[in-house]
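# Overview (structure and organization)
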Amino acid sequence: MCRLLAYLGQPVTLEDILYKPEHSLIVQSYQPREMTAGVVNADGFGIGWYHRQKDTAPFTYRNTLPIWNDLNLPHLSRYVESECILGYVRSATPGQALDFANCQPFHHQQQLFIHNGYIENFRQSIYRKIRNQLTPDFYDHIHGSTDSEHIFALLLSQGQINQQLPPEDALHSTLVILLEMAKLHQVTVSANIVFTDGHRLIASRFSSSTPAPSLYWLKDDLNFPQSVIIASEPLFTGNWTACPENSIISVGEDRDIQIKSI
């Protein structure tokens, strides 16, 4: 299991959100508290963010090193400031390659995507079923081998097929498809997801079996006013709320939070 982090709010540096909290994403990489599988998250990491003034594609910084071994990230984190940030530390599913193509966040145009979870026996179970559901644009967009990137391609495909519907519906359709495939092939699927266009956050806490991987949200903390944080584990002591299992969490540009059951 990986650990996720998403921030939307007043401009902060990467250092503020990645390093300064007492149980930061950096700490969670080597000392997680709520992982249901694995011990550490040492199989790479990635950070994504958006420019504060320019309407441009998001930026990503990824590495196959453990996040605590990257000597450049602390310096970069003091410099980069953003209103929307995604972070991810990886615990690779056995059999999945440790390379840049498999490092998250994945991105397409303005969208960034991170996933914590897994598809049981992915290659042997629903790999081909997922690929059969993809539109041509996103079938060719896959560069790595992870179940995570295939879920992202499925999400993008559902958004393309149902362009008139909000992105929350595309995520809902994606999760329902995964659930139906999992039941048919009698495998477990878990999909804690966060994706964003830089203005909104849309997330899920989802699993075909219980308990689902942990996921929390926090709004308007004194240290991060006018902001929302979504994280696999609380970053510090505060009024964190556990996201309901099998739900979609939507954070609007006004930081309003909506939660719907799947």
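Treat the numbers as computed from the prediction; the structure is a model and nothing was measured.

With that settled, the discussion passes to the sheet that holds strand β6 (residues 111–119). Spatially, β5-β6-β7-β8-β12-β13 is the arrangement adopted by the 6 strands of the open sheet, whose pairing is antiparallel. Each having just a single partner strand, β5 (106–108) and β13 (257–261) make up the two edges of the open sheet. Averaged over neighbouring strand pairs, the angle between their axes works out to 20° when direction is ignored. Contacting β6, β7 (189–196), β8 (201–205), β12 (247–251) and β13, helix α7 (residues 167–185) runs over the sheet at an angle of about 165° to β7.

With respect to the helices and strands, the residue Ser190 is situated in strand β7. Assessed through its relative accessible area of 2%, Ser190 is described here as buried. Apart from residues lying up to four places away in sequence, Ser190 is in contact with Met1, His115, Asn116, Gly117, Tyr118, Phe206, Ser207 and Pro213.

Glancing now at empty space enclosed by the protein. Per the counting criterion, the structure on display carries 2 cavities of 30 Å³ or more. Taken as a whole, the largest cavity spans an internal volume of roughly 80 Å³. Of all the secondary-structure elements, those providing two or more residues to the lining of the largest cavity are β6 and α6 (147–161). At 3 residues, β6 tops the list of elements feeding residues into the lining of the largest cavity. By volume, the second largest cavity is sized at about 30 Å³. Around the second largest cavity, the lining residues are Phe138, His141, Ile142, Glu149, Phe152, Ala153 and Leu156. In terms of residue count, α6 provides more of the lining of the second largest cavity than any other element does, 4 residues in total.

Calculation rules
Residues numbered from 1 in each chain as written. Predicted model: local features only at pLDDT ≥ 70, side-chain atom pairs only at ≥ 80, totals over all residues. Heavy atoms only, no water. Pairing = 2+ DSSP bridges. Helix = DSSP H or I, 4+ residues; strand = E, 2+ residues; numbered from the N terminus. Axes fitted to C-alpha atoms, helices over the stretch in contact; angles between N-to-C directions. Contact = heavy atoms within 4.5 Å. Buried < 20%, exposed > 50% of the residue type's maximum accessible area, 1.4 Å probe, protein only. 1 Å grid on protein atoms, 1.4 Å probe; cavity = no way out; pocket = protein on both sides within 12 Å on 5 of 7 lines; lining within 4 Å. Points joined across faces, edges and corners; volume = space filled by probe spheres on them.

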